[in-house]
Amino acid sequence: MKYLYRIFQCVVSVPVVILMTVVTAIEVGIGCSFGNGHFWGYYPGRWWARIITRSFLLPVTVEGREHLEPNQSYVFVANHQGAFDIFLIYGFLGRNFKWMMKRQLRKIPFVGYACEKSHQIFVDKRGPSRVKETYEAARRILQTGNCSVVVFPEGARTFTGHMGLFRKGAFMLADELQLPVVPLTINGSFDVMPRMRDWHFATWHPLRLTIHQPIYPVGQGAQNVQATMRQAYDSVMSALEPQYQGYVENPDQ
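Report follows, based on the coordinates. Every chain begins its residue count from 1, and numbering advances along the sequence as written. Thresholds applied to this predicted model are a pLDDT of at least 70 for local features of residues and 80 or more for the giving and counting of side-chain atom pairs; totals over whole chains, interfaces and linings are not thresholded and use all residues. The side-chain numbers reported here are obtained from all heavy atoms of the structure, hydrogens and water having been left aside.

1. As for the overall build of the protein chain
Then step 1. Note on conventions: DSSP H or I runs of at least 4 residues are helices, E runs of at least 2 residues are strands, and numbering of each starts at the N terminus. Summing up its helical and strand segments, the protein chain has nine helices and seven strands in all.
Then step 2. In summary, the protein chain has a C-alpha radius of gyration of 18 Å against a globular reference of 18 Å for 253 residues, a match within 12%.
Then step 3. For the protein chain, the spread of C-alpha atoms along the three principal axes comes to 55 × 45 × 40 Å.
Then step 4. Note on exposure labels: buried denotes an accessible area under 20% of the residue type's maximum, exposed denotes more than 50%, and partly exposed covers the range between, all computed with a 1.4 Å probe on protein chains only. Residues counted as buried form 49% of the 253 residues belonging to the protein chain.
Then step 5. Looking at the protein chain alone, contacts between residues at least 24 apart form 75% of all its contacts between residues at least 6 apart.
Then step 6. For the accessible areas, the method is Shrake-Rupley and the probe is 1.4 Å, while residue cover comes only from the protein chains on display. Total accessible area computed for the protein chain in this model is approximately 12400 Å², and 60% of it derives from carbon and sulfur atoms.
Then step 7. Charge counting follows a simple rule: Lys and Arg are positive, Asp and Glu are negative, and His as well as the terminal groups are ignored. Where a charge sits is defined by one atom per residue type, namely NZ (Lys), CZ (Arg), CG (Asp) or CD (Glu). The centroid of the 26 positive side-chain charges in the protein chain is displaced by 6 Å from the centroid of its 18 negative side-chain charges. Two things to know: the radius of gyration comes from C-alpha atoms, and the globule rule equals 2.2 Å times the number of residues to the power 0.38. Contacts are assigned to residue pairs with any non-hydrogen atoms lying within 4.5 Å of each other.

The structure is reproduced here in structure tokens:
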């Protein structure tokens with residue numbers, strides 16, 4: 001079955017990824033040029049992610065959508081298991097949002113172009129002024145209303161499937177704007193394609209996205225940031241598969 005699945009990927013999945021990425025990037029670029037970046041920056045990408053996920057025949061389960069309120073902006077924080085995290089969240093979270101992503105991703109052909117045109121937020125750590133610009137962009141997005149941001153607070157994909165440390169930037173942003181933080185737990189992405197196997201064949205494995213209850217601010221300042229970060233970390237950890245429970249240091253953080 002493994003080799004049949006690999007043949008299927010060569011014949012179906014890879015061509016679908018290439019075609020959908022090119023078409024979606026062009027669609028996003030043209031759409032955003034005419035305005036309504038919230039629409040064009042989200043919906044084409046959502047269908048791009050869904051179609052790619054289905055092209056690999058990966059079953060997806062989403063738990064906890066009932067925890068989210070309509071028209072409420074959130075700061076979503078998720079563990080970072082692998083490349084398929086992007087498809088799982090973009091395709092199946094069901095909320096309009098902007099990504100906070102590494103600036104290096106701007107260089108990916110077509111994907112970087114679409115992200116730039118749709119005003120996704122590139123995190124630039126090359127000095128205090130660049131960091132400030134990053135968070136100003138995130139503030140503007142969140143203050144428009146009915147749009148959220150998604151952050152991987154580990155900052156890098158895991159090498160083991162286990163979680164590393166959370167950085168506090170996303171929680172400081174939520175604290176400043178007094179927005180709820182929603183932890184997301186991703187399972188299965190590491191089993192499909194861990195970072196050590198980028199650009200290799202995917203392995204068939206179910207994907208699961210768990211949406212935890214929002215963590216609302218209780219005050220403002222350093223104490224609230226630390227408390228929210230700890231609670232979010234524990235929530236994400238609680239829904240991980242048993243073999244990936246527990247902290248493991250990530251040397252890439």
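2. Description of the side chain of Thr185
Then step 1. Examined against the element boundaries, Thr185 turns out to sit in strand β6 (residues 181–187).
Then step 2. Exposure remark for Thr185: the relative accessible area of 0% places this residue in the buried category.
Then step 3. Here a polar contact is taken to be a pair of N or O atoms separated by no more than 3.5 Å, where protein atoms must pair a possible hydrogen donor with a possible acceptor and residues adjacent in sequence count only if both atoms sit in side chains. At 2.8 Å, the side chain of Thr185 and the side chain of His212 are in polar contact.
Then step 4. Leaving out residues up to four positions away in the same chain, Thr185 has contacts with Asn79, Arg208, Leu209, Thr210, His212, Ser235, Val236, Ala239 and Leu240.

3. Topic: the pattern of salt bridges
Then step 1. By convention in these notes, a salt bridge is any Lys or Arg side-chain nitrogen within 4 Å of a carboxyl oxygen on Asp or Glu. Going through the model one piece at a time under the given rule, you end up with three salt bridges.
Then step 2. Across the salt bridge formed by Glu241 and Arg208, the nearest N and O atoms sit 2.8 Å from each other. Of the two residues, Glu241 sits in the segment after α9 (222–238) while Arg208 sits in strand β7 (residues 207–211), which places them 33 residues apart along the sequence.
Then step 3. On the basis of relative accessible area, Glu241 is assigned to the partly exposed category, the value being 25%.
Then step 4. Salt bridges sharing common partners tie together Glu63, Arg208 and Glu241.

4. A word on the sheet that holds strand β1 (residues 60–63)
Then step 1. Two strands make a pair as long as DSSP finds a minimum of two bridges between them. The strand order β1-β7-β6-β2-β5-β3-β4 describes an open sheet built from seven strands, whose pairing is mixed. The two strands at the open ends of the sheet, each matched to only one other strand, are β1 and β4 (121–123). Averaged over all pairs of adjacent strands, the angle between their axes in this sheet comes to 20°, without regard to strand direction.
Then step 2. Bridge analysis of strand β2 (residues 75–78) against strand β5 (residues 148–151) gives three bridges, and the strand direction is parallel. Bridge pairing in β5 places Val77 opposite Val151. Interaxial angle, 0 to 180 degrees, is taken between N-to-C directions of lines fitted to C-alpha atoms, where a helix line uses only the stretch in contact.

5. Thoughts on the packing of helix α7 (residues 169–177) against α9
Then step 1. In contact at an axis separation of 9 Å, α7 and α9 are set at 125° when each is read in the N-to-C sense. Comparing their axes, α9 and α7 come out oblique. As for how α7 packs across α9, the hand of that crossing is right-handed. In this structure, α7 uses Phe171, Met172 and Asp175 to contact α9, whose residues at the interface are Asn224, Val225, Thr228, Met229 and Ala232.
Then step 2. When residues are sorted by character, Ala, Val, Leu, Ile, Met, Phe, Trp, Tyr, Cys and Pro go into the nonpolar class, Asp, Glu, Lys and Arg into the charged class, and all the rest, Gly among them, into the polar class. Looking at the contact of α7 with α9 residue by residue, the classes come out as five nonpolar, two polar and one charged. An angle below 35 degrees is treated as roughly parallel, one above 145 as roughly antiparallel, one from 65 to 115 as roughly perpendicular, and anything else as oblique. For any helix crossing, the convention is left-handed if the near helix is rotated counterclockwise from the far helix by under a right angle, and right-handed if that rotation is clockwise.

6. A closer look at empty space enclosed by the protein
Then step 1. Two kinds of site are reported from a 1 Å grid over the protein atoms alone, namely cavities, where a 1.4 Å probe fits but cannot get out, and pockets, open sets with protein on both sides within 12 Å along at least five of seven lines, and residues are called lining when an atom falls within 4 Å of a point. Grid points are joined across faces, edges and corners, and a volume is the space filled by probe spheres set on the points. By the definition in use, this model includes one cavity of 30 Å³ or more.
Then step 2. As for the largest cavity, its lining consists of Phe171, Ala174, Asp175, Leu179, Val181, Ile215, Tyr216, Pro217, Asn224, Val225 and Thr228.
Then step 3. Elements supplying a minimum of two residues to the lining of the largest cavity: α7 and α9.
Then step 4. Across the lining of the largest cavity, the residue classes break down as eight nonpolar, two polar and one charged.

7. Details of α7
Then step 1. Among the nine residues of α7, seven are classified as buried, and the element is accordingly described as predominantly covered.
Then step 2. Taken as a whole, α7 has its buried residues at Gly169, Ala170, Phe171, Leu173, Ala174, Asp175 and Leu177.
Then step 3. Gln178 occupies a position one or two residues after α7 and carries a positive phi of about 55°.

8. Some details on the environment of Arg103
Then step 1. One can find Arg103 in the loop between β3 (97–102) and α5 (111–117).
Then step 2. Given a relative accessible area of 25%, Arg103 falls into the partly exposed group.
Then step 3. Sequence separation between Arg103 and Ala25 is 78 residues, and the spatial gap between their C-alpha atoms is 18 Å.

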